[in-house]
Every structure is written in structure tokens, then in C-alpha cells.
2 protein chains.
Amino acid sequence: MQEVLLIKADLERTDEWVAAFADFDVEVRDWNSPGNAEQIDYALVWQPEAGALARFPNLKLIFSIGAGLDHLMGDNIVPPNVSVIRMVERVLTAGMTEYVLYNVLRFHRFMPQYEADQRNQVWNERFQIPAWERRVGILGLGVLGGAAAAALAALGFAVAGWSRSEKTLPGVVSYYGKPQLAQFLARTEILVCLLPLTEHTENILNADHLSQLPKGAFVINAGRGGHCNEDELLAALERGQIAGAALDVFREEPLRQSSRLWTHPHVYITPHIASMTAPAASAQHVIDNITRLRAAQPLTHVADFARGY
Amino acid sequence: MQEVLLIKADLERTDEWVAAFADFDVEVRDWNSPGNAEQIDYALVWQPEAGALARFPNLKLIFSIGAGLDHLMGDNIVPPNVSVIRMVERVLTAGMTEYVLYNVLRFHRFMPQYEADQRNQVWNERFQIPAWERRVGILGLGVLGGAAAAALAALGFAVAGWSRSEKTLPGVVSYYGKPQLAQFLARTEILVCLLPLTEHTENILNADHLSQLPKGAFVINAGRGGHCNEDELLAALERGQIAGAALDVFREEPLRQSSRLWTHPHVYITPHIASMTAPAASAQHVIDNITRLRAAQPLTHVADFARGY
């Protein structure tokens with residue numbers, strides 16, 4: 001009998017996900033019509049409710065639809081003894097690299113100021129420093145942060161990264177652990193957050209850390225809304241400590257209408273579109289791990305909930 | 001006796017240019033105080049007037065401050081039998097790559113639309129295609145066009161280039177010559193102009209060629225204002241044939257106040273800042289060629305006025 005993969009999709013994309021598995025040796029079922037619960041072997045999910053996955057007693061593996069695991073971290077979401085596979089696929093990685101490059105270049109090249117000049121019909125060339133004098137700092141050097149750091153380094157930017165443990169990436173200076181965070185922040189003119197959201201990284205973009213950046217620094221958050229204390233970021237923007245912020249993720253999504261972030265002149269909002277998992281590209285990643293499990297080979301990208309990613 | 005380099009700088013940067021040559025074996029003089037005209041061996045110039053360089057009878061080489069030669073192309077600007085060296089240096093090349101990447105990513109990722117959404121406080125995710133399904137076309141695969149094409153290809157974009165003669169660049173499809181221009185335009189969703197300005201390339205961004213792009217294409221002009229028929233571009237924007245245009249160069253610079261480009265909602269203007277020659281980085285390029293001339297070795301980047309670059 002064919003094994004069964006149950007899908008709880010994001011963004012109402014169930015049909016697209018089902019189609020992505022059409023060529024593979026697995027039966028796909030929609031979360032809303034799971035049929036016999038005992039037949040479910042695998043679940044590919046985004047934001048399952050607490051207790052929901054426990055209904056499937058023979059579940060062998062859970063696949064996260066997002067790069068982050070935070071949507072799986074509450075009590076009683078992942079049943080005990082079931083491994084979770086993180087989503088790693090090239091569309092997700094490439095999309096994040098594009099978002100980060102775009103926003104780093106935007107701040108580096110004074111584009112918001114040139115847009116204001118155009119509105120005022122002013123022709124005003126600004127003195128431009130080269131990329132190798134622009135210090136970009138990436139919080140988080142995992143799959144997404146590492147790819148963004150490499151792309152920035154290839155353009156010549158002075159790139160550093162900060163992560164839990166030391167990393168070796170060509171052209172990227174590695175800072176790691178709490179003791180080196182202050183040093184990393186002090187040298188960073190454009191700060192990019194691509195961390196996983198864990199109890200250790202929550203609120204890392206707070207008043208204390210923002211004040212350790214050089215005055216007039218820029219912030220790009222494409223991690224999670226929980227990384228940023230939005231009120232403290234707004235206060236830092238008000239006093240000019242932070243000169244601009246590109247935000248793709250928020251405490252509450254969609255961003256609530258009353259948020260002052262919408263209308264702040266130096267805040268650039270996108271609706272959590274920096275990077276999206278692509279069903280077609282992801283299906284192969286899912287099937288690869290299913291094939292490995294069937295052959296009793298080691299799985300790839302297994303989540304470590306103790307680390308948080 | 002030390003040889004003499006005369007400098008006619010752009011952007012009132014004479015002091016910066018003079019400082020750039022401080023460590024080299026050449027005497028530097030300002031265009032406005034040339035001293036004995038017979039002592040001038042080299043001239044590093046931006047937009048010299050007709051007849052002005054003919055005053056220096058012993059001139060051995062002329063260096064262009066800009067990447068283009070169009071400012072040296074009028075009658076009686078370059079004296080007969082004096083070679084011109086084009087400006088090639090890494091700050092100029094890197095700056096252009098940044099400008100092109102920024103604007104390609106901006107259109108590719110719907111950023112102008114997300115900015116409009118923010119103004120309206122609307123949260124609206126758009127369907128995003130990956131870079132490898134986005135067809136970018138570069139007019140001109142010289143030093144600047146080649147570098148931009150390589151950077152776009154590295155990000156995964158479907159890049160093609162069009163140039164006078166066939167080019168071989170990894171990851172870049174080469175179209176060349178007039179007969180292949182139509183084919184190149186028909187496949188290009190984001191068109192980038194980095195051509196030299198010559199009689200063959202003037203007005204290449206005209207109604208006819210713009211109409212050969214797919215409907216809703218984007219245009220980025222960082223070549224010269226003379227490449228673009230501004231009225232015909234505006235007309236193509238009005239009818240939606242062109243969905244957006246990022247323009248760094250104009251027929252008249254500064255762009256005249258009365259131009260409708262300033263206020264068109266889908267035109268993004270920068271004041272000819274895409275790329276600027278950096279004195280410090282350029283001095284080495286100039287000195288390298290002076291050293292080659294002294295040693296009777298072949299010069300690099302010698303201009304070919306018959307080709308126009």
C-alpha cells in the first residue's frame with residue numbers, strides 16, 4: 001500500500017502542494033480530509049494547532065513548510081519521538097538572498113533619499129562609499145543567513161555574521177556567542193536579522209542592542225516579528241539612532257492597522273514576502289527524506305528543538 | 001625632469017584627483033593653471049572643450065575620467081595621433097553592478113507596488129516567480145555590462161546580452177548585431193541599457209524598440225541620456241507597454257524642471273550617480289598606462305573611436 005502524506009498548507013496553496021507531489025510515489029491528502037488517521041505516514045505542515053498532529057498514531061516524520069521552526073514550538077504541537085525536517089530548498093534561499101541584497105543596496109546607495117529628492121524635483125548627487133567600506137552584519141549564519149552573507153561578500157561588502165557558534169564562510173568575519181555580540185553590533189552599519197526565533201533570540205532587536213549600533217545604522221528584519229521590539233525600534237528611529245528599517249515580519253501578521261510602523265517615513269514594510277517555500281522545489285526535498293527513511297539512511301536537515309532550529 | 005599630468009576633473013573634485021597621484025612619479029597640474037603648455041605630457045579629462053587639448057603640443061596620452069567616450073567625440077576635441085585611454089577601475093564597475101542589481105531586484109520583486117501598498121496600509125502578498133524565470137536583458141556587454149550580467153547570472157536570473165559582436169560570458173546568452181536585436185527584445189522582461197553612446201546606439205530606447213518588448217516590461221537606463229527618446233518612453237509608460245523605468249541619465253543633465261519624467265508615478269530618477277570614477281582607484285590605472293608607455297609596452301583599454309568605445 002502506498003504511504004500517505006498529509007498536507008496543511010500555508011497561504012491557501014493546498015492545490016499547488018498536492019500537484020507538486022503528483023509524480024512521486026506517495027498518496028497526498030488534504031489536512032481537512034485526512035481519512036483514516038492510522039494511515040497517515042508523513043505530515044507537511046504550517047502552523048498546526050496544539051494536539052492536532054497527535055491524532056495520527058503512525059506518523060513517521062513531520063516536514064515544516066517554513067524555514068523556521070517557531071510555528072512548531074508550542075506545547076503539544078510535535079508528538080514525542082517524531083522527528084521534524086526543516087525546509088531547505090533553493091527558491092526559499094534565493095528569495096531571501098534577493099530580499100536582503102535589495103534592501104542592503106537600497107540603504108547603501110541612499111535610494112530612499114533619492115526618492116525624496118525626486119518628489120521635490122531636486123537633482124542632488126550624494127557622496128558614495130564603495131561596498132568594501134560598508135559594514136554589513138548578519139544576525140544568523142544558517143542556510144539563509146549564510147547564503148545572504150556570501151552574496152553580499154561577492155559584491156564586495158564588508159560582511160560579518162553573528163551566530164551561536166563560530167562559522168567559517170569565505171569573506172565573512174564570524175562573531176559568535178553572547179560575549180561577542182557587542183563587538184559585532186559596534187562595527188555594523190547595516191544590520192540584517194535572519195536568526196531562528198528561540199527564547200535566546202527573541203527581542204534581540206531591542207533598545208539596548210539598537211543603541212550599540214553606530215548612530216544612523218539601518219535595520220533589516222526578515223527573521224520573525226518576535227525578534228523585534230517594535231516600540232523600541234520606533235523610538236530608536238525617532239531619535240535618529242536608526243536611520244531606516246526594512247521590515248518583512250511583525251509581531252502580529254498582517255500588521256495591525258493601528259501600528260505606527262505603517263506610516264513612519266523611514267520604515268519600509270513588505271507583507272512577509274521576503275522568501276516563500278515553493279511547492280515544486282520543496283517536493284523533492286520531502287521525497288528525498290522519505291526515500292532515506294525507507295532505506296534506513298540518515299535524514300537531512302533534522303530539526304533540533306533544543307537549539308531551536 | 002618629471003613628466004606632467006594635467007587634470008580637468010568632473011564634479012569639482014580636482015583636489016581629490018591631485019591627492020590621488022601624490023604617491024606617484026608624476027607632477028600633477030590643475031586644468032586652470034597648466035603653466036608651460038609644452039611641458040604637459042598627459043591629460044586626464046572630463047568634457048574638455050573643442051580645441052582645448054590642441055594647446056598642448058607634446059601631449060602623449062589622454063585619459064578619460066568617465067567610462068564612456070562620448071564626451072570626447074565632437075570635432076576637434078582629441079588631437080590627431082594622440083591615443084585615448086578609457087577609464088576602467090573597480091569602483092566604477094562595482095558601482096554600476098550595484099545600481100543594476102538594485103533596480104532589477106526592485107522590479108523583479110514588485111517593490112514599487114509594495115511601497116504603494118504601504119502608503120495605503122494594505123497587506124497584500126504577491127505571487128513571486130524565481131529569478132531563473134525572470135528574463136533580464138543587458139544592452140551592451142562591455143566592462144560594465146559584462147560585470148552586471150555576471151552578477152545577475154550569479155543570482156540565478158535568466159540573463160541575455162546584446163552587443164555589436166558575439167560575446168562569451170558564462171550563464172549569459174549572447175545576441176549580437178542588428179539582425180538579432182528583435183529576438184533579444186522579444187525575450188526581455190527587464191531591459192538594462194549599458195551601451196556606449198555612438199551614432200549606432202543613439203535613441204535605441206525608442207518607440208519601435210520599446211514596443212518589441214513584452215507588454216509590461218521594465219527599462220533601466222544607466223548608459224547615456226542620448227540612448228533614450230524620453231517622449232517615446234513616456235508614451236510607452238502611459239499605455240502600459242512599459243510598466244516602470246529607472247533612469248540615471250538624461251538628454252539634459254541636470255534633468256530640466258519641466259520634464260514629465262520627474263512626476264511620472266512609474267519613473268524612478270537618480271541624478272547620474274549609478275557609477276562614479278573614484279580618484280584613488282583610478283590613479284593606479286592611469287599610472288599603469290604611463291609606466292607601459294615609458295617602457296614601450298602595449299597600452300591597456302585604448303579607445304577605438306571608429307567603434308565608439
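Caption draft 1: A look at the domain arrangement of chain A. All names here are of chain A. Per the domain assignment, the segments making up chain A are domain 1 (4-89 + 277-294) and domain 2 (90-269). For domain 1 versus domain 2, the separation of C-alpha centres amounts to 32 Å. Carbon and sulfur atoms supply 60% of the area that domain 1 and domain 2 bury against each other, a total of about 800 Å² over both sides. Area buried by domain 1 at its contact with domain 2 is led by Ala-67, Asp-70 and Glu-89, which between them contribute 52% of it. Scanning the region where domain 1 abuts domain 2 turns up one salt bridge. Linking domain 1 with domain 2 are four residue pairs in polar contact (both at pLDDT 80 or more), by the criterion used here.

Caption draft 2: Geometry of the relation of the copies chain A and chain B. Note on the copies: chain A fits chain B at an RMSD of 0.0 Å, the axial shift is 0.0 Å, and the rotation between them is 180°. This pairing of chains is accounted for by a two-fold axis. Minimal C-alpha separation from the rotation axis in chain A is found for Tyr102(A), amounting to 2.8 Å.

Caption draft 3: Spatial organisation of unusual backbone geometry. Residues and elements named next belong to chain A. Cis rather than trans, the peptide bond between Glu-253 and Pro-254 has omega equal to -5°. At Gln-47, a position not held by glycine, the phi torsion is positive, near 55°. In this structure, Gln-47 sits in the loop between β3 (40-45) and β4 (61-64). Of note in this structure, His-272 is not a glycine but carries a positive phi near 55°. Here His-272 shows up in the loop between β12 (267-269) and α8 (279-294).

Caption draft 4: How the structure looks around the sheet that holds strand β10 (residues 217-221) of chain B. Residue and element names in this part refer to chain B. Ordered by their spatial adjacency, seven strands build an open sheet running β8-β7-β6-β9-β10-β11-β12, and the pairing between neighbours is parallel. A single partner strand is all that each edge strand has here, and the edge strands are β8 (172-176) and β12 (267-269). If you compare each strand with its neighbour and ignore which way they point, the axes differ by 15° on average. When strand β11 (residues 242-247) meets β12, the two strands line up parallel, connected through three bridges. Bridging across to β12, Ala-246 finds its partner in Tyr-268. Docked against the sheet, helix α4 (residues 143-154) engages β6 (135-139), β7 (158-163) and β8, running at close to 170° with respect to β6.

Caption draft 5: Molecular detail of the interface of chain A and chain B. Each partner contributes residues to the interface: chain A has 47 residues there, and chain B has 47 residues. Both faces combined, the contact of chain A with chain B buries some 4,200 Å², and carbon together with sulfur accounts for 65% of it. Contact with chain B buries surface across chain A, with Tyr102(A), Gln118(A) and Trp123(A) losing the most and accounting together for 20% of the total. The interface formed by chain A and chain B contains four salt bridges. Residue Arg109(B) pairs with Glu98(A) through a salt bridge whose shortest N-O separation is 3.0 Å. Counting across the interface, chain A meets chain B through 21 residue pairs in polar contact (both at pLDDT 80 or more). With twelve residues, the top contributor of residues to the side of chain A that touches chain B is helix α2 (residues 90-108) of chain A.

Caption draft 6: Region of the structure containing the packing of aromatic side chains. Across all of its chains, the model carries 14 aromatic pairs over all chains by this definition. Between Phe250(A) and Trp123(B), the aromatic rings sit 5.7 Å apart at their centres with planes inclined by 70°, giving edge-to-face as the arrangement. Taken together, the residues span two chains, with Phe250(A) in the loop between β11 (242-247) and β12 and Trp123(B) in the loop between α3 (111-119) and β6. We note that Phe250(A), like Trp123(B), is buried. Measuring from ring centre to ring centre gives 6.0 Å for Phe107(B) and Tyr268(B), while their planes differ by 55°; the resulting arrangement is tilted. Of the two residues, Phe107(B) is situated in helix α2 (residues 90-108) and Tyr268(B) in strand β12; the sequence distance between them amounts to 161 residues. Summarising the burial analysis for this pair, Phe107(B) and Tyr268(B) share the class buried.

Caption draft 7: View of empty space enclosed by the protein. One pass over the structure, following the stated rule, counts four cavities of 30 Å³ or more. Put simply, the largest cavity is a space of about 100 Å³. What lines the largest cavity is Met111(A), Tyr114(A), Glu115(A), Gln118(A), Tyr99(B), Tyr102(B), Asn103(B), Arg106(B), Ala246(B), Tyr268(B), Ile269(B) and Thr270(B). Elements with a contribution of two residues or more to the lining of the largest cavity: α3 (111-119) of chain A together with α2 and β12 of chain B. Class assignment of the residues belonging to the lining of the largest cavity gives a composition of seven nonpolar, three polar and two charged. When its volume is computed, the second largest cavity comes out at roughly 80 Å³. Lining the second largest cavity we find Tyr99(A), Tyr102(A), Asn103(A), Arg106(A), Ala246(A), Tyr268(A), Ile269(A), Thr270(A), Met111(B), Tyr114(B), Glu115(B) and Gln118(B). Only α2 and β12 of chain A together with α3 of chain B provide two or more residues apiece to the lining of the second largest cavity. Each residue belonging to the lining of the second largest cavity can be placed in one class, and the counts come to seven nonpolar, three polar and two charged.

Caption draft 8: Representation of α3(B) within the structure. Of the positions making up α3(B), those classed as buried are Met111(B), Pro112(B), Tyr114(B), Glu115(B), Asp117(B) and Gln118(B). The elements touched by buried residues of α3(B) are α2, α3 and β12 of chain A together with α2 and β12 of chain B.

Caption draft 9: The arrangement of the packing of α2(B) against α4(B) in detail. All names here are of chain B. Here α2 crosses α4 at 50°, and the two axes come no closer than 9 Å. By the angle between their axes, α2 is oblique relative to α4. Considering the relative orientation of α2 and α4, their crossing is right-handed. For the pair α2 and α4, contact is made by Leu-92, Thr-93, Met-96, Thr-97, Val-100, Leu-101 and Val-104 and by Val-143, Leu-144, Ala-147, Ala-148, Ala-151 and Leu-152, respectively.

Caption draft 10: Structural view of the sheet that holds strand β6 (residues 135-139) of chain A. All names here are of chain A. Spatially, the seven strands line up as an open sheet ordered β8-β7-β6-β9-β10-β11-β12, and their pairing is parallel. Strand pairing shows two members of the sheet lacking a second neighbour, β8 (172-176) and β12, which therefore form its edges. When the angles between neighbouring strand axes are averaged without regard to direction, this sheet yields 15°. Where α2 meets the sheet, it contacts β6, β9 (190-193), β10 (217-221), β11 and β12, and its direction lies at approximately 160° from that of β10. Across the sheet, helix α7 (residues 230-238) touches β11 and β12, and the angle it forms with β11 is around 140°.

Criteria and cut-off values
- Residues numbered from 1 in each chain as written.
- Chains lettered and ligands numbered in written order.
- Predicted model: local features only at pLDDT ≥ 70, side-chain atom pairs only at ≥ 80, totals over all residues.
- Heavy atoms only, no water.
- Domains from an automatic or database assignment.
- Buried area = accessible area lost by both parts, 1.4 Å probe.
- Salt bridge = Lys/Arg side-chain N within 4 Å of Asp/Glu carboxyl O.
- Polar contact = N/O pair within 3.5 Å; in protein donor to acceptor, adjacent residues only side chain to side chain.
- Least-squares fit on C-alpha atoms with pLDDT ≥ 70 in both.
- Helix = DSSP H or I, 4+ residues; strand = E, 2+ residues; numbered from the N terminus.
- Pairing = 2+ DSSP bridges.
- Axes fitted to C-alpha atoms, helices over the stretch in contact; angles between N-to-C directions.
- Contact = heavy atoms within 4.5 Å.
- Phe/Tyr/Trp six-rings, centres within 6.5 Å; stacked < 30°, edge-to-face > 60°.
- Buried < 20%, exposed > 50% of the residue type's maximum accessible area, 1.4 Å probe, protein only.
- 1 Å grid on protein atoms, 1.4 Å probe; cavity = no way out; pocket = protein on both sides within 12 Å on 5 of 7 lines; lining within 4 Å.
- Points joined across faces, edges and corners; volume = space filled by probe spheres on them.
- Nonpolar A, V, L, I, M, F, W, Y, C, P; charged D, E, K, R; others polar.
- Parallel < 35°, antiparallel > 145°, perpendicular 65-115°, else oblique.
- Left-handed = near helix turned anticlockwise from the far one by under 90°.

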